Every structure is written in structure tokens, then in C-alpha cells.
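Commentary on secondary and tertiary structure
Below, each chain spelled out in residue letters.
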Amino acid sequence: MSKTINFTIDGQKVSVEKGESILTGARKNDIYIPTLCHLAKATPIASCRLCVVEVEGSEGFVLSCNTQAVEGIEVKTNSDELYKERQNIMKLYDVNHPLQCGVCDKSGECDLQNKTLEFDVDSQNFAIRDQKRQKKGWGVLSYDPHLCIMCERCTVVCNEVVGSMALYIKPGGYKSLIDNHYSSCIQCGECISVCPVGAMASADFKYTTNVWELESVPSSCAHCSSACNLKYDVKTLGVGETDKAIYRVTNEVAIESLCGAGRFAYDFENRATKDELAFVKAVEAFKGADSIVFNSMITNEEAAVLQALKEKFSYKLINKEAKKYQEFLENFASVSGTKLYSGSLKTIEESDFAVTLGCSISADNPMVRFALNIAHNKRSAYVTCMHPLEDESLRNVITQYVKYEVGSEEGLLAMLCDLVVNEEAREKYSSFFDSLDSGYICGESSVGEEEFGLLYQKLRRKTKPVLVAGADLYNHPRAKNIAKLLGMIAKYSEFDLVIVPPETNSLGVALICDLDSVPGVKSIGYNVKGDFTLSALGEGDLDMPALNQQEGTFTSLDKKVVPLNVAVEFKGYELNDIANALGVKAKNVIDYTATLPQNSGYKDIEFDALENRFTMFEGIRGYELENVNVKGDDSIEEIDDLAEYNGSVIYRCNFPFNQFNSFTNKAHQTESEPFLEGSKQFAIASKISAGDTVRFTMDGKEYIRKFKISKELKGTLALNPVFDSTDNYDEYRYKQVKLEVVNG
């Protein structure tokens, strides 16, 4: 149980929880203490020493960032002595620091620049002989050691938040610098974002503009279901121009993070103008169509427009992956009793025991990976990853890796139920538990009973367990029963659950749209190929705005309705224009924000009333959905025989980590060629060689890919990325295929 600590800062009474620092108490009460190295999302670094304060009864100064508050202490944050101490610290930081503010990319938002002015450092009394240090480039990163103040922010976030441990300090006294284990770097750019000076910089952004010329547009990332907070920094293209371009992406670095896709895949806008003839054809195509095929790269409001069109014209709404996710949530709810899962990214961060099942964490949702790493570092969480593919990039995040045979997910989940649910569940589902054959499941899945025993042993000493379920489960042949087993864990155990939405706004689409399984004869495609195609990629019959050109909302993994705004103007037609022409009237698409279905947990809140602000400790964005109680068929079937997958098995999983879809592939910093990637073992088993071009059929589609051997992958599975396609999928992510070499 937490205990409240009461003390005073500058005569003001403040309170914190036991274990929290003096600095935390100050920031919770809007009391200013200067820092250069501190990040709320990481443990105290205590390298800058600017946060020194005076504590009555203590000799000398105290570091407020890593000194826990004690009942009744009196803290002083301002005095002549403190000012002189901080001024001297800044003089040391400024020794030989290059005076290149006129061209430095950080000028105008540089913490060193700001603190130098704040503490009136306008002359230097001493100097140190400068050292020759070489500038370095690591992919998207550029490092200038002459600008580095060794605050250690970059290494801390790389280790504590990202979990790559790519950055480290190369010691050498005054010659010390930051170095990079580049093979471990996932190119997320977190180090760039937290650098208080111009040392860590974006190689692409460098020397392109002054920061004070940029306009920041707050929005939400469009690339995965975390819908992270970000700001598009935009500027007009040139003198006399009105069109704007996105120069970079920033975020609230002290408390939140972004993956590489969010930070670098920003220029996917559709530069189009109004094509009146194409618009007329689009309206006529809608009048002759019976289906609308789309993916989840849309806003909640666009989903509401599609639903309104269905209600008026009886269109079939086809979104394969969202339909499967919708059905999965419905079956989960029939046992759990609630429409939504209970967990969030914050729940994962604060957990002390975490299990992931059925998801390739780094590729599917990097923010889940970051949250698991934070739990591992801050809470000493025991993190177990259950997956057929061992991911080397997670070696610093995962405590226990459980490798299972493809297709075994239902059996493994049944074993987890047997470990964690209470007696009420055992009594209610006694026939299910009586039928469990652990020997059979362990034998067929290749997971030993001792591994489950270890899980149970570790779990007994933990109090905040969480289970993360991923996209491998939603299209599994036994998805219905798997969802119900997850519902049992949610209702009858201490576990919080996170059921990760597979695409950007899959959760929103699943909650807003009445989706169909079978398309009709004549289709409209929205960012998916149809008989008439609307495309934000500029590849269809009528151009549509990309998600960085729209106002609206997403429903995130955290079950929050978060806003996005227009960064770059779109000069063509929008879906709402077509709906208006068909008699489904709304002046603006954001008029639908307050009409989103309340029986799915949405609230009657207008778009302009949605909050989008930050405190020192958290982001307050939009609102959280109400978790509606539901009733349904809560029966659970016995475990089916586990399927066997032999021969060449391919896993549908985007790779590299910064690729999610055709929009990330359009962005100039993340564009890449999709390869079929596998291990040497896979190549030998499939009788192919590195560099071969192979043909295979997966998800009802023929692929021709060049094969690449990956040193990181193990086992006889290969990865097939699909970021070069706008399709979505309703088949199990693993597929036994026949590979045909088609070289030349």
C-alpha cells in the first residue's frame, strides 16, 4: 500500500508517494527546478547536477532528481548559493562547446543554449585543451561529439525504454564520447529526440531549416494501433509558396516515445488537386456498387461515414482483418463480460509479470516492446515471450523465451488458463479442465511441462501480471475458442489483458462498423483495390487524403479516442464529399465525432472539445472508451487437435521494424525493398539459396520475392513482409507453402 510523504518546498506544502523524489514533488506542484539530463520516463540520470537544492539540516547541496522525499523536510530551490552553483555548472558545460548556434539544428530549442542564458553565462574564465573527436553517422542518426555534453540521456533511453542497448559511453575522461553497437540499433530515433543539444541529430533534417521557422501541428501517429502523440513540424516550400511540407516529427520526449516509423515515415501525403470528372465517376460507381472494400488506415469519422452509407444503401462493408478482430473481441466479451480488454501500454509498463502470446512484438507494435522493456527495467518484471520465432532484437527485454510449434496457440493458452484462473472458473468449466491433456499439448507444441512450472513459480511472487495477445490469434483456425479462453483469464484471474489491434484503427473500425464477411459483385475500394478505387496513395481512380492530411480521431490500443490534425493541405475530394453527393449529409467529416456509437463506449464529445495537452508526467489526449458490460454464450469448447505445419512455412510479418504499410514504404527515409527473409536452416530445408527469386502463394495471392538470409532469424520459418500492399488479411499468419525458384 502506498504511503503519502508530506514536506515543504519554498514554504509550499507538497505531497508525494513514498519513494518519489523531491524533483517529482516539485513538478507535481509546478515548482521550477532546472535540469538538463532528467527524463520523467527514465530513472534519474543525475549527471547534470543542475537540479541541486538545499534541504534544511543537510550539509551541502542535494540532488533533487534522485533524492527521495522524507516526511517533514524543508526544501529550498532558490538562493544566491544555488544560483552560483548552477552558474558554475553551466560554465563547465560551456567549456570549448562550439559556438555554432547560427547553423546548429538545435538552436532555438537547445537546453544548453537556454540554461546558458538563464544563468547569465556571458564570459568564460577558463578553458581546457580541446580534443580531436570524429563525427559519426549511424543510418538515420548523426553524432557530433564536439557538441555532446555527456548528459547520458541517449544511452539511458536506448537501454531503459527501447531495450536495444545500442548506445554506450566510450570512456576516456575529457575524451569520452557516445558510441554505437550499430547491429543492435533499431533506428528508432529516440536518442535524437532526447538529446538536449545538437550532438544527436537527424541526418535527414540536418541543415534544412531553422526550428523557429517551423509550425508544429499536434496529431497522432498513423502507422500502428498505439496512435502515439506526435507533432508534424511544417514549413512553406519557398518564397511566394502557399503549399507546406513536413520537415520532421517531434514529440513530448520527457514522458512519451516514438518508434522509427512514427519519427521518420512522415512524408506520405497525397499531393493531388480536384478532378471533377473522376469525382462524378466515383459518385456513379457508388450508385452501381453493392460493396465497399477498405482497410483500417482510416479515421473513426470515415468509418462512421461508411457505416452511414451502409445503413442508407445496404452496402456490404468488407474489411477482412477488422472483421476477424471484431469477431475475436465479441467472443472474448461473451466470457469476460466486458466489451473491451482491461489493459493498456501503461498497464504493461507497471506490470511485474508479463506474457506475450501470438505477436511478433517489435514488428507488430513497437510501443508494446518499449512498455515491456520499461517494466523489465523499472519493475524488475519477469517477461515471457511465447512465439515460434526467436527475435534476437528482444534479447535484452525478454526474461524467458518459450518457443512453440506453429499452430499450438490454443493448447498453450489452455495451459496458461490451468495455471492462473481461480477456483470459480475451475468449477464452472470443470469439463474443460478435466479434458485437458497436458502431456499431449506439451508433446505436440514442443513446450516442456517444466517451462510452465517455471512460469507458475515466478508468477507466485508477482502482483501485477499482464497478458499481451497478438495478431497470430485472431485469424487462427480456432480463434473463437482462443478468444473465449482469453475471456476466462480476464474474468477469473488477476491478469490484465491487452488484445493488440492489428492495424492503425482496427479497434475503431471494429467498434463502429457493421462488417460483412462475403463481398458482393461490384465493389468500391478505399485504399484497397476495387472495381473503382479511392486511394490516398495516388494509385486509384480518385485521389483521397492521407492520414496526415485529415482531421479526425483514432481509437488506440489504449482504448482512447485521440485526435489528429491536418499537417499538409489536401486539395482534392474527400470521402465526406462523396457521401454528401449521395445524400448522407454532414458539413465536415468531424461532425461525426460526437455521433460515434455510445453502445460501443464512445462519448458525445465534439472534435474541437477533445483535449490534447501534456503535464510534466502524462499526456491528456482525447478520452477513454467506456468498457460496456455485455452478455453472450460463455461456453468453452475442449481443445482441438493441434495442427502440424511441416516443410516450408512462411510467416506474414513486416520487416524491417520501421515498415508497417504502403504509407511507411512511401516515406523517403523508410522506403525499402520487401524480401522473403529466412535463416540458413530455412534455405537448406527449402532447397533455395540467398539471392534466389522465388514464387509462392499465400493469403490467396501470388508473391514473387527475392530470398535473403537473415543472421538474426533462427529455425525453419521465413518472414514475408506485406508493407508493399494495401490488402488486408483474414487467414492465419503462418502458411505452409511450395517455393518455386524463378531466377532470370
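About the criteria used
Residues numbered from 1 in each chain as written. Predicted model: local features only at pLDDT ≥ 70, side-chain atom pairs only at ≥ 80, totals over all residues. Heavy atoms only, no water. Helix = DSSP H or I, 4+ residues; strand = E, 2+ residues; numbered from the N terminus. Rg over C-alpha atoms; globule rule 2.2 N^0.38 Å. Contact = heavy atoms within 4.5 Å. Axes fitted to C-alpha atoms, helices over the stretch in contact; angles between N-to-C directions. Parallel < 35°, antiparallel > 145°, perpendicular 65-115°, else oblique. Left-handed = near helix turned anticlockwise from the far one by under 90°. Nonpolar A, V, L, I, M, F, W, Y, C, P; charged D, E, K, R; others polar. Pairing = 2+ DSSP bridges. Domains from an automatic or database assignment. Buried area = accessible area lost by both parts, 1.4 Å probe. 1 Å grid on protein atoms, 1.4 Å probe; cavity = no way out; pocket = protein on both sides within 12 Å on 5 of 7 lines; lining within 4 Å. Points joined across faces, edges and corners; volume = space filled by probe spheres on them. Buried < 20%, exposed > 50% of the residue type's maximum accessible area, 1.4 Å probe, protein only. Salt bridge = Lys/Arg side-chain N within 4 Å of Asp/Glu carboxyl O. Disulfide = S-S within 2.5 Å. Arc of directions from axis to C-beta. Expected span 1.5 Å × (residues − 1). Core = buried A, V, L, I, M, F, W, Y, C linked by side-chain atoms within 4.5 Å. Phe/Tyr/Trp six-rings, centres within 6.5 Å; stacked < 30°, edge-to-face > 60°. Patch = residues over 30% accessible without salt bridge, like charges linked within 9 Å, V, L, I, M, F, W, Y side chains within 5 Å. Areas by Shrake-Rupley, 256 points an atom, 1.4 Å probe, with all protein chains shown as cover. Lys, Arg positive; Asp, Glu negative; His and termini not counted. Charge placed at Lys NZ, Arg CZ, Asp CG, Glu CD.

Here we take up the overall build of the protein chain. Within the protein chain, the secondary structure is distributed over 22 helices and 35 strands. Its C-alpha atoms give the protein chain a radius of gyration of 27 Å, near enough to 27 Å, the size a compact globule of 744 residues would have. Referenced to the eigenvectors of the C-alpha coordinate spread, the extents of the protein chain come out at roughly 80 × 70 × 60 Å. Relative to all contacts within the protein chain whose residues are 6 or more apart in sequence, the contacts with residues 24 or more apart total 73%.

With respect to the helices and strands, the residue asparagine 576 is situated in helix H20 (residues 575-581). Sequence-distant contacts of asparagine 576, that is, excluding residues within four places in its chain, are made with Val305, Ala586, Lys587, Asn588, Val589 and Tyr592.

Moving on, we get to the packing of helix H13 (residues 409-420) against helix H16 (residues 438-445). The geometry of H13 relative to H16 is characterised by a closest axis approach of 10 Å and an angle of 135° between their N-to-C directions. Judged on the interaxial angle alone, H16 and H13 are oblique. Regarding H13 and H16, the two cross each other, and that crossing is left-handed. Note on element contacts: H16 touches H13 through Ser438, Ile441, Cys442 and Ser445, opposite Gly411, Leu412 and Met415. The residue inventory of the contact of H13 with H16, partitioned by class, reads 4 nonpolar, 3 polar and no charged.

This part takes up the sheet that holds strand S24 (residues 552-555). Read from one edge of the open sheet, 3 strands run S24-S25-S28, paired in antiparallel fashion. For this open sheet the edge positions go to S24 and strand S28 (623-624), each flanked by a neighbour on one side alone. Sheet topology places strand S25 (residues 560-564) next to S28; 2 bridges connect them, and they run antiparallel. Directly across from lysine 560, in S28, lies its bridge partner glutamate 624.

Along its sequence, the protein chain is organised into domain 1 (4-78), domain 2 (120-264), domain 3 (276-323 + 506-623), domain 4 (339-476 + 485-499) and domain 5 (649-741). A separation of 35 Å is found between the C-alpha centroids of domain 2 and domain 4. Listed per partner, the contact involves 18 residues of domain 2 and 13 residues of domain 4. For the pairing of domain 2 and domain 4, the buried interface totals around 1,100 Å² over both sides, and the portion due to carbon and sulfur atoms is 55%.

Turning our attention to empty space enclosed by the protein. Counted by the stated rule, this structure contains 8 cavities of 30 Å³ or more. Put simply, the largest cavity is a space of about 570 Å³. What lines the largest cavity is a set of 38 residues, among which Pro502, Glu503, Asn654, Phe660 and Val722 lie closest to the centre. Taken together, the elements giving at least two residues each to the lining of the largest cavity come down to helix H9 (320-336), helix H11 (361-364) and helix H21 (662-666). With 3 residues, the single largest contributor to the lining of the largest cavity is H11. Classifying every residue of the lining of the largest cavity by side-chain character gives 17 nonpolar, 14 polar and 7 charged. What lines the second largest cavity is a set of 18 residues, among which Ser360, Leu389, Glu390, Asp391 and Leu713 lie closest to the centre.

The subject of this paragraph is the side chain of serine 523. Mapped onto the fold, serine 523 is located in strand S21 (residues 523-526). Note on serine 523: relative accessible area 15%, which makes it buried. Aside from chain neighbours lying at most four places away, what touches serine 523 is Ala289, Ser291, Val293, Gly530, Asp531 and Phe532.

A few words now on the pattern of salt bridges. A complete count under the given rule lists 34 salt bridges for this structure. One salt bridge connects lysine 235 with glutamate 213, and the closest N-O pair in it is separated by 3.4 Å. Taken together, the residues span a long stretch of sequence, with lysine 235 in strand S12 (residues 229-236) and glutamate 213 in the loop between strand S10 (200-202) and strand S11 (215-220) at a distance of 22 residues. Here glutamate 213 falls in the partly exposed class, since its relative accessible area comes to 39%. Here arginine 478 and glutamate 637 are joined by a salt bridge, their closest N and O atoms 3.0 Å apart. Of this pair, arginine 478 sits in the loop between strand S19 (465-469) and helix H18 (479-492) while glutamate 637 sits in the loop between S28 and strand S29 (649-652); the two residues are 159 residues apart in sequence, bridging distant segments of the chain. Here the salt bridges share partners, and the residues they tie into one network are Lys41, Glu190 and Arg263.

Following the criterion strictly, the structure yields 0 disulfides and no others. Unpaired in this structure, cysteine 148 has its nearest cysteine sulfur neighbour in cysteine 154, at a distance of 6.3 Å. For cysteine 442, which is in no disulfide, the shortest distance to another cysteine sulfur is to cysteine 417 and amounts to 14 Å. Using a relative accessible area of 9% as the deciding quantity, one classes cysteine 442 as buried.

This paragraph deals with H16. Residues of H16 that are buried: Ile441, Cys442 and Ser445. End-on view of H16: buried residues confined to an arc of 95°, all on one side of the axis. Positive phi appears at serine 446, one or two residues downstream of H16, with a value of about 65°.

As a further point, take helix H2 (residues 80-94). Residues separated by three or four positions in an α-helix point in the same direction, a consequence of the helix having 3.6 residues per turn. Compared with an ideal rise of 1.5 Å per residue, which puts 15 residues at 21 Å, H2 spans 21 Å between its outermost C-alpha atoms and is within 8% of the ideal. Restricting attention to buried positions, one finds in H2 the residues Leu82, Arg86, Gln87, Ile89, Met90, Lys91, Tyr93 and Asp94. Once H2 ends, the next one or two residues include asparagine 96, with phi positive near 60°.

Taken in spatial order, the 3 strands make up an open sheet running S11-S12-S13, and their pairing is antiparallel. Both outer strands of the open sheet, S11 and strand S13 (244-250), are each paired with one neighbouring strand and no more. Looking at each pair of strands side by side, their axes are set apart by 35° on average, direction ignored. In this sheet, S12 lies alongside S11 in antiparallel orientation, the contact comprising 6 bridges. Looking at the pairing, serine 220 lines up with asparagine 229 of S12.

On to the nonpolar core, then. Counting residues in hydrophobic clusters, the biggest one holds 208 residues, and the most contacted among them are Met488 and Leu534. Among the elements that take part in this core, H18 stands out by supplying 8 residues, more than any other.

Turning our attention to the packing of aromatic side chains. This structure, assessed with the given rule, holds 18 aromatic pairs. Ring centres of phenylalanine 432 and phenylalanine 433 lie 5.2 Å apart, and the angle between their planes is 80°; this geometry places the pair in the edge-to-face category. There is no split in this pair, since phenylalanine 432 and phenylalanine 433 are both buried. An aromatic cluster is built from Tyr645, Tyr651, Tyr732 and Tyr734, whose rings are joined through pairwise contacts.

This part takes up the layout of surface pockets. Put simply, the second largest pocket is a space of about 1,100 Å³. Residue lining of the second largest pocket: 49 residues in total, with Lys106, Glu109, Ser193, Asn251 and Val253 positioned closest to the centre. Sort the elements by how many residues they give to the lining of the second largest pocket and S13 lands first, with 4 residues. Looking at the lining of the second largest pocket residue by residue, the classes come out as 23 nonpolar, 10 polar and 16 charged. Looking at which domains feed residues into the lining of the second largest pocket, each of domain 1 (4-78) and domain 2 (120-264) supplies at least three.

On the surface, a cluster of positive charge is contributed by Lys346, Lys378, Arg379 and Lys464. Looking at the element boundaries, lysine 464 is found in the loop between helix H17 (449-459) and S19.

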